[in-house]
Amino acid sequence: MKQLLKVPLLAGRAFSSSARQLRNKVPEAQKLFQEDNGLPVHVKGGTTDVLLYRATMTLTIAGTCYSLYWLLIASLPQKKA
């Protein structure tokens, strides 16, 4: 029963304005992406961005090749048994 009486108090704490404040990281990101270092914007984020870019390109090329393969197979006449 005591636990049920604590629910409104805990709910009030969860949504109170005295919760920890998050730091605004946007100005730092703007400096990073506006810096003229010769890198394209999709790789300026670092290693994670490079890996995501390469994975995306690999999946795109593999998917295109797979689609073209099946289009070729579908365009050929079927063998009669």
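Preceding this paragraph is the structure being described.
For the structure given in this document, a descriptive report is provided here. (Residues numbered from 1 in each chain as written. Predicted model: local features only at pLDDT ≥ 70, side-chain atom pairs only at ≥ 80, totals over all residues. Heavy atoms only, no water.)

1. Overview of the overall build of the protein chain
Secondary structure assignment for the protein chain yields three helices and zero strands. Counting from the amino terminus, the protein chain carries its helices and strands in the arrangement α-α-α. Sorting the 81 residues of the protein chain into buried and exposed places 2% on the buried side. (Helix = DSSP H or I, 4+ residues; strand = E, 2+ residues; numbered from the N terminus. Buried < 20%, exposed > 50% of the residue type's maximum accessible area, 1.4 Å probe, protein only.)

2. Quick notes on the pattern of salt bridges
Taken as a whole and assessed by the stated rule, the structure comprises one salt bridge. Measuring nitrogen to oxygen at the nearest pair gives 2.6 Å for the salt bridge that ties Glu28 to Arg23. Note on Glu28: relative accessible area 44%, which makes it partly exposed. (Salt bridge = Lys/Arg side-chain N within 4 Å of Asp/Glu carboxyl O.)

Keep in mind these values describe shape, not function.
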